[in-house]
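Chains, contacts and geometry: an overview
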Amino acid sequence: MQIKFQYLFIFVLFLIQVNFSFAQTNKPTTGPVFDNIGPVFSVENLDLLPDPAQDLKAIFDIDSKQTDASKINYIIASLHRYYNMHVRYGIPKENIHLALVLHGGSTKDALSSNVYNEKFKVENPNEHLIKSLSDIGVDVFVCGQSMSYSGYNKADLLPEVKVALSAMSVLTVYQMNNFSLIKF
């Protein structure tokens, strides 16, 4: 009985060691485009990787509302991941063309920190996300219908945000220009 217990004990220790070693082998990291935003995992033995000579064009449809006003909208941060992931795997940064449109529950993410602070009592946690995307050439739109419905106007927005007639208009125009729709 004691020998069976020793084998069982050794086997359990082995499983714990194997489990810890798997858990520690692949952690997401940031870069090479954004150093503090957009962590991605390294993936080996890929069966599909975009052609580095092709342009990647995508429009992100963002209507998700973060219920905690002090937290970032993780969908906006996914554009940072998109850049980090594809550049890390050999797609030239200049071959990546992204845009996003905020509407519905995410309309508030387009607000300047002053207006955001007045309404939610914290600074807009998405300001640095939107600015860093705009700085790299991402077009950032807010739905004019959602903006108006929410009682905001253009003066209430971050300077990087452009007002569109509607999210539907932005999505139609970009898709007609061969941008793929990404909707979470």
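Whatever comes next refers back to the structure up there.
Cut-offs and rules
- Residues numbered from 1 in each chain as written.
- Predicted model: local features only at pLDDT ≥ 70, side-chain atom pairs only at ≥ 80, totals over all residues.
- Heavy atoms only, no water.
- Buried < 20%, exposed > 50% of the residue type's maximum accessible area, 1.4 Å probe, protein only.
- Helix = DSSP H or I, 4+ residues; strand = E, 2+ residues; numbered from the N terminus.
- Pairing = 2+ DSSP bridges.
- Right-handed = clockwise from strand over helix to strand, strands pointing away.
- Core = buried A, V, L, I, M, F, W, Y, C linked by side-chain atoms within 4.5 Å.
- Contact = heavy atoms within 4.5 Å.
- Phe/Tyr/Trp six-rings, centres within 6.5 Å; stacked < 30°, edge-to-face > 60°.
- Axes fitted to C-alpha atoms, helices over the stretch in contact; angles between N-to-C directions.
- Salt bridge = Lys/Arg side-chain N within 4 Å of Asp/Glu carboxyl O.
- Left-handed = near helix turned anticlockwise from the far one by under 90°.
- Nonpolar A, V, L, I, M, F, W, Y, C, P; charged D, E, K, R; others polar.
- Patch = residues over 30% accessible without salt bridge, like charges linked within 9 Å, V, L, I, M, F, W, Y side chains within 5 Å.
- Areas by Shrake-Rupley, 256 points an atom, 1.4 Å probe, with all protein chains shown as cover.
- Arc of directions from axis to C-beta.

1. Quick look at the pairing of strand β2 (residues 96–102)
The element β2 is extensively covered by neighbouring structure, given that six of its seven residues are classed as buried. Bridge count between strand β1 (residues 56–62) and β2: seven bridges; the pairing is parallel. Within β2, the residue paired with K57 across the bridge is H97. Following the chain from β1 across helix α2 (residues 74–88) to the adjacent parallel β2, one finds a crossover that is right-handed. Pairing geometry for β2 and strand β3 (residues 139–143), over four bridges, is parallel. Directly across from A99, in β3, lies its bridge partner D139.

2. Focus: the nonpolar core
Of all hydrophobic cores here, the largest spans 33 residues; its most connected members are L98 and L100. Only β1, α2, β2, α3 (113–120), α4 (127–135) and β3 provide two or more residues apiece to this core. Residue contributions to this core peak at six residues, all from α2. Setting aside chain neighbours within four positions, we find L100 in contact with I59, F60, I62, L79, L133, V138, D139, V140 and F141. Ranked by size, the runner-up nonpolar core spans 11 residues in total, among them F141, A167, V170 and Y174.

3. Observations concerning the packing of aromatic side chains
For any two aromatic rings, the description comes down to two numbers: the centre-to-centre distance and the angle of the planes. Per the counting criterion, the structure on display carries six aromatic pairs. Ring geometry for F60 and Y82: centres 5.9 Å apart, planes at 85°, overall edge-to-face. Residue F60 is located in strand β1, and its partner Y82 is located in helix α2; the two are separated by 22 residues in the primary sequence. Of the residues examined, Y82 reaches a relative accessible area of 13% and is grouped as buried.

4. As for the sheet that holds β1
The pairing of strands in a sheet comes from backbone hydrogen bonds and takes either a parallel or an antiparallel form. The five strands are arranged β4-β3-β2-β1-β5 in an open sheet whose pairing can be described as parallel. Both edges of this open sheet fall to β4 (161–164) and β5 (180–183), since each of them pairs with a single strand only. Along the sheet, successive strands turn relative to each other by an average axial angle of 30°, direction set aside. Strands β1, β2 and β5 of the sheet are contacted by α2, whose axis makes an angle of about 175° with β2.

5. Notes on the pattern of salt bridges
In this structure the tally under the stated criterion is five salt bridges. One salt bridge connects D63 with K183, and the closest N-O pair in it is separated by 2.8 Å. One end of the pair, D63, is in the loop between β1 and α2; the other, K183, is in strand β5, with 120 residues separating them in the sequence. Close ionic contact of D109 with K108 constitutes a salt bridge, the shortest N to O distance being 3.1 Å. According to the relative accessible area criterion, K108 is buried, its value standing at 6%.

6. A few points about the packing of α2 against α4
Viewed as axis vectors pointing N to C, α2 and α4 meet at an angle of 35°, and their least axial separation amounts to 10 Å. Remark: the crossing between α2 and α4 carries left-handed chirality. Facing α2, whose interface residues are I76, A77, L79 and H80, α4 presents L129, I130, S132 and L133. Considering only residue class, the contact of α2 with α4 consists of six nonpolar, two polar and no charged.

7. Regarding a nonpolar patch on the surface
Nonpolar side chains collect at one region of the surface, where F41, V43, L46 and L49 lie side by side and expose about 350 Å² of accessible area between them. Mapped onto the secondary structure, V43 falls in the loop between α1 (2–23) and β1. Looking at V43, the relative accessible area reads 43%, which means it is partly exposed.

8. Things to note about α3
When we look at burial in α3, the residues that qualify are S113, V115 and Y116. Down the axis of α3, the sector holding all buried residues measures 160°, keeping them to one side. Residues of α3 that are exposed and point over 90 degrees away from its buried face: N114 and E118. On its buried face, α3 is in contact with α4.

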